[in-house]
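Structural overview for review
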Amino acid sequence: MANSGAEKLKLYSYWRSSCAHRVRIALALKGLEYEYIPVNLIKGDQFDPVYRFDLQDFKKINPMGTVPSLVDGDVVINDSFAIIMYLDEKYPEPPLLPRDLHKRAVNFQAMSIVLSGIQPHQNLAVIRYIEEKINAEEKTAWVNNAITKGFTALEKLLVNCAGKHATGDEIYLADLFLAPQIHGAINRFQINMEPYPTLAKCYESYNELPAFQNALPEKQPDAPSTI
Amino acid sequence: MAKLKLYSYWRSSCAHRVRIALTLKGLDYEYIPVNLLKGDQSDPDFTKINPMGTVPALVDGDVVINDSFAIIMYLDDKYPEPPLLPSDLHKRAINYQATSIVMSGIQPHQNMALFRYLEEKINAKEKTAWITNAITKGFTALENLLVSCAGKYATGDEVYMADLFLAPQIHAAFNRFQINMELYPTLAKFHESYNKLPAFQNAVPENQPDTPSTI
């Protein structure tokens, strides 16, 4: 293990969070051992004992109440992108960014399309708001629109530089953001992937990689047994 | 060497970030305005160079990069002085967190496409409430993140990446969205600091070649 000497990393996570999913892939790729601490993001009548924290308790660690959150000794980092860059800088092998400047830029662009173009329009707070203020049909239309625009942009960005994976034959930052986004699009939002052959092919390529498979929502300690 | 080209819109907070970076690095560039209100971004001449049809876009010879964050990282990689990220890992992480809060937590909820959608589907009041809510949540998170590590600027006494993302966001909060900045004293203090730096002043929306004369 890359960090067997030091105090164990802690990851506050929720099985279905695509942001936590990205970090789980990074930790697995880097061979980093960590303690998985589930946080219940959905308030229910029953407090399921699998959750160590409910939302109010978790806010004492992270006042914004967002997952994922990484604790590395004294250092607490919230936000999947910041966590992944921190991990890549502290544990450089294998590198999550290529050396070529243009290819690095493509990875940052792909990351940004997911981080700021798609995911903010499909998170819990937003979809609840739209459903409440308008209706469920508009909510679905809104999410579909965000995903369609984002996937169209990603397809254009990656079509000429994809290899086995998003930006070549090695796994890089873009793949860590694509995998959870595409997984969510297919499994939660029933998006038809036919208009996005490059993305669909990338997604298939992740099926063969243990680091990606182990990070899937369905495989997490807090995934409901009904899945 | 071919001059850098920046496709920009005076009021785009994303373009504003890149304008600060270019000036800090002392980089000469050609400013090419794209009028987002008129729909210039759909113009075939623009989409030929930049299939995404978004602003800002940077052209560096054969290389075209969209997205303010990707452009800023590219500039920082290619022209390392002055560095836009500190060398301490934890401080770097704070810069990335601040960047992400702005990039994914606030700005997506105030862009033109969303404005129009909310106003059309609900009404103008809800649109304003939604944006105010996004800014409030984001500024609260930023205040919380930065209160203990701020110096003259967001993460100390040097300008770093967080400042490039904060400056346009705070500028818009004051000038466009009438946000009460008394609730965010740390952020308000930064705004004062940025007002004293030429690289930041030259980049403000009001000082661009395509700024309407009525401003």
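Predicted model, so just to flag it, every value in this text is computed and none were measured.

Turning our attention to the sheet that holds strand 3 (residues 57-60) of chain B. In a beta sheet, neighbouring strands pair by backbone hydrogen bonds and run either parallel or antiparallel. Residues and elements named next belong to chain B. Ordered in space as 2-1-3-4, the 4 strands form an open sheet in which the pairing is mixed. Each edge of the open sheet carries a strand with a single partner, namely strand 2 (29-33) and strand 4 (63-66). Each strand of the sheet is rotated relative to its neighbour by a mean of 20°, with strand direction disregarded. In terms of strand pairing, strand 1 (residues 4-8) meets strand 2 through 5 bridges, oriented parallel. Counterpart to Leu 6 in the pairing with strand 2 is Tyr 31. Each of strand 1, strand 2 and strand 3 touches helix 1 (residues 13-24); the most contacted strand, strand 1, lies at about 155° to it.

A few words on the UniProt feature "domain: GST N-terminal" (unreviewed entry) in chain B. Annotation from UniProt places "domain: GST N-terminal" (unreviewed entry) at residues 2-83 of chain B. Annotated as 35% helix and 22% strand, the span residues 2-83 of chain B places its first and last C-alpha atoms 23 Å apart.

Residue and element names in this part refer to chain A. Axis separation between helix 1 (residues 18-29) and helix 7 (residues 173-187) bottoms out at 9 Å; the angle between their running directions is 135°. As summarised for this structure, helix 1 and helix 7 are arranged oblique, according to the angle between their axes. Every pair of crossing elements has a handedness; the one defined by helix 1 and helix 7 is right-handed. When helix 1 is examined against helix 7, the residues Ser 18, His 21, Arg 22, Ile 25, Ala 26 and Leu 29 are found in contact with a partner set consisting of Leu 176, Phe 177, Ala 179, Pro 180 and His 183.

Residues and elements named next belong to chain A. Of all 7 residues making up strand 2 (residues 34-40), 5 are buried, and the element is well covered by its neighbours. Note: strand 1 (residues 9-13) against strand 2, 5 bridges, orientation parallel. The partner of Lys 10 across the bridge, within strand 2, is Glu 35. Taken together, strand 1, helix 1 and strand 2 constitute a β-α-β crossover, and its handedness is right-handed.

The next thing to look at is the interface of chain A and chain B. At the interface, 36 residues of chain A touch 34 residues of chain B. Summed over both sides, the interface between chain A and chain B buries roughly 3200 Å², with carbon and sulfur atoms accounting for 69% of that surface. As a salt-bridge pair, Glu 138 of chain A and Lys 121 of chain B come within 3.0 Å of each other at their nearest N and O atoms. Summed over the shared surface of chain A and chain B, the number is 11 residue pairs in polar contact (both at pLDDT 80 or more). Among the secondary structure elements, those contributing two or more residues to the side of chain A that touches chain B are strand 5 (75-78), helix 3 (80-90), helix 4 (101-118), helix 5 (124-133) and helix 6 (136-158) of chain A. Here the side of chain A that touches chain B gets 11 residues from one element, more than from any other, and that element is helix 4 of chain A.

Cut-offs used in this document
Residues numbered from 1 in each chain as written. Chains lettered and ligands numbered in written order. Predicted model: local features only at pLDDT ≥ 70, side-chain atom pairs only at ≥ 80, totals over all residues. Heavy atoms only, no water. Pairing = 2+ DSSP bridges. Helix = DSSP H or I, 4+ residues; strand = E, 2+ residues; numbered from the N terminus. Axes fitted to C-alpha atoms, helices over the stretch in contact; angles between N-to-C directions. Contact = heavy atoms within 4.5 Å. UniProt positions renumbered as here; feature names shortened; annotations may be inferred. Parallel < 35°, antiparallel > 145°, perpendicular 65-115°, else oblique. Left-handed = near helix turned anticlockwise from the far one by under 90°. Buried < 20%, exposed > 50% of the residue type's maximum accessible area, 1.4 Å probe, protein only. Right-handed = clockwise from strand over helix to strand, strands pointing away. Buried area = accessible area lost by both parts, 1.4 Å probe. Salt bridge = Lys/Arg side-chain N within 4 Å of Asp/Glu carboxyl O. Polar contact = N/O pair within 3.5 Å; in protein donor to acceptor, adjacent residues only side chain to side chain.

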